[in-house]
Amino acid sequence: MQVEKVVAYHKALADPTRIKMLILLAEGERNGQDLAEKLFVTPATITHHASKLREASLINERREKNMIYFSLNDYFLKNNAVAAMNLIYRRAEGGAEMLNEDHQRMKDSVIRNFISKEGKLKNIPSQLKKKLIVLEHMVSNLEMGRKYSEKEINEFIKAYHEDFATIRREFIMHQFLYRENDLYEMNPRELWANWSTLS
């Protein structure tokens, strides 16, 4: 996933010694001993940080006899920086695609786990986030703007699960439905408890 690649890139950069190594390597290839002397650290420290940079494909290594030489991997360094910028600004430029994809995967997974192939609710999730996903899935099958009697709402819920009283109460509590004069109506989506903001 693109997010994980960007995070790995920034983790590799998240150390002053590694940044200083990259600055020195921008001037050209250097061996580990030279880097250690320039940065006033031990060769073992350079080896440790070099392994982190190499794992993120930010540097190249070559061995010559007993000496290891390091150089910048310009392509990956620049490409990962651009990828981070694109990822951050993609939402502002009109597409919350990545976040929406993550949310859709989470939603699909919960529905598969809690709703049977016949459309029945296997059990009411105890975790709030999963419960809200299931409630949203169910309530989305009601008509916006239509008023329902309590009997109609009970029958609607029974098609999913026998505990209609608990689920009806959850619909009200999480603002999927509101009740007035013994009639039930869907709230606008903006009022629904939003599971995607929960951790």
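Because the structure is a prediction, the values reported are computed rather than measured.

### Re the packing of aromatic side chains
Tallied over the entire structure, the rule returns 3 aromatic pairs. Summarising the aromatic geometry, the rings of F171 and F176 are spaced 6.4 Å apart at their centres and angled 75 degrees between planes, so their arrangement reads as edge-to-face. Take F171: its relative accessible area is 0%, and that puts it in the buried class. The class for F176 is buried, based on a relative accessible area of 0%. Considering the side-chain rings of F176 and W192, the 5.3 Å spacing of their centres and the 55 degrees angle between planes classify their relative orientation as tilted. In this pair, F176 sits in the loop between α9 (164–173) and β5 (177–180) while W192 sits in the segment after β6 (183–186), placing the two residues 16 residues apart along the sequence. Each member of the pair, F176 together with W192, is buried. Through successive ring pairs, a cluster of aromatic residues spans F171, F176 and W192.

### Details of the pattern of salt bridges
Tallying each qualifying case throughout the model produces 12 salt bridges. Ionic pairing is found between K131 and E170, a salt bridge with its closest N-O pair at 3.2 Å. Taken together, the residues span a long stretch of sequence, with K131 in helix α7 (residues 128–139) and E170 in helix α9 at a distance of 39 residues. Taking the relative accessible area as the measure of exposure, E170 reaches 10% and is therefore buried.

### Describing the sheet that holds strand β1 (residues 30–31)
Across the sheet, 3 strands lie side by side as β1-β3-β2; this open sheet has antiparallel pairing. Of all strands in the sheet, those with a lone pairing partner are β1 and β2 (59–64), marking the two edges. Direction of pairing for β1 relative to strand β3 (residues 67–72): antiparallel, over a ladder of 2 bridges. The residue bridging R30 from the neighbouring strand is F70, located in β3. Helix-sheet contacts for helix α4 (residues 43–55) involve β2 and β3, and the interaxial angle to β2 is about 130 degrees.

### Describing the sheet that holds strand β4 (residues 148–149)
Strands sit in the order β4-β6-β5 across an open sheet of 3 strands; the sheet is antiparallel. Lying at the two open borders of the sheet, with one neighbouring strand each, are β4 and β5. As paired elements, β4 and β6 share 2 bridges and run antiparallel to each other. Along β6, the bridge assignment pairs Y148 with Y184.

### Quick word on the packing of helix α2 (residues 16–25) against α4
Taken N-terminus to C-terminus, the directions of α2 and α4 make an angle of 80 degrees; their axes are 10 Å apart at the nearest point. It follows from the interaxial angle that α2 and α4 lie roughly perpendicular. Residues T17, R18, M21 and L22 of α2 touch α4, and the partners they reach there are I46, H48, H49, A50, K52 and L53. Of the residues that constitute the contact of α2 with α4, the class distribution is 5 nonpolar, 3 polar and 2 charged.

### Here's the deal with the pairing of β3
Here 6 bridges tie β2 to β3, and the two strands are oriented antiparallel to one another. Bridge assignment links N60 to a residue of β3, and that residue is S71. Hairpin connection of β2 to β3: 2 residues between the antiparallel strands, including K65 at a positive phi of 55 degrees.

### Points about the environment of L25
Relative to the elements of secondary structure, L25 occurs in helix α2. L25 gets classed as buried once you look at its relative accessible area, which sits at 2%. Sequence separation between L25 and S71 is 46 residues; the distance between their C-alpha atoms is 5.7 Å. With sequence-adjacent residues up to four places away left out, L25 is seen in contact with R30, L35, I59, F70, S71 and L72.

Rules behind the numbers
- Residues numbered from 1 in each chain as written.
- Predicted model: local features only at pLDDT ≥ 70, side-chain atom pairs only at ≥ 80, totals over all residues.
- Heavy atoms only, no water.
- Phe/Tyr/Trp six-rings, centres within 6.5 Å; stacked < 30°, edge-to-face > 60°.
- Buried < 20%, exposed > 50% of the residue type's maximum accessible area, 1.4 Å probe, protein only.
- Helix = DSSP H or I, 4+ residues; strand = E, 2+ residues; numbered from the N terminus.
- Salt bridge = Lys/Arg side-chain N within 4 Å of Asp/Glu carboxyl O.
- Pairing = 2+ DSSP bridges.
- Contact = heavy atoms within 4.5 Å.
- Axes fitted to C-alpha atoms, helices over the stretch in contact; angles between N-to-C directions.
- Parallel < 35°, antiparallel > 145°, perpendicular 65-115°, else oblique.
- Nonpolar A, V, L, I, M, F, W, Y, C, P; charged D, E, K, R; others polar.

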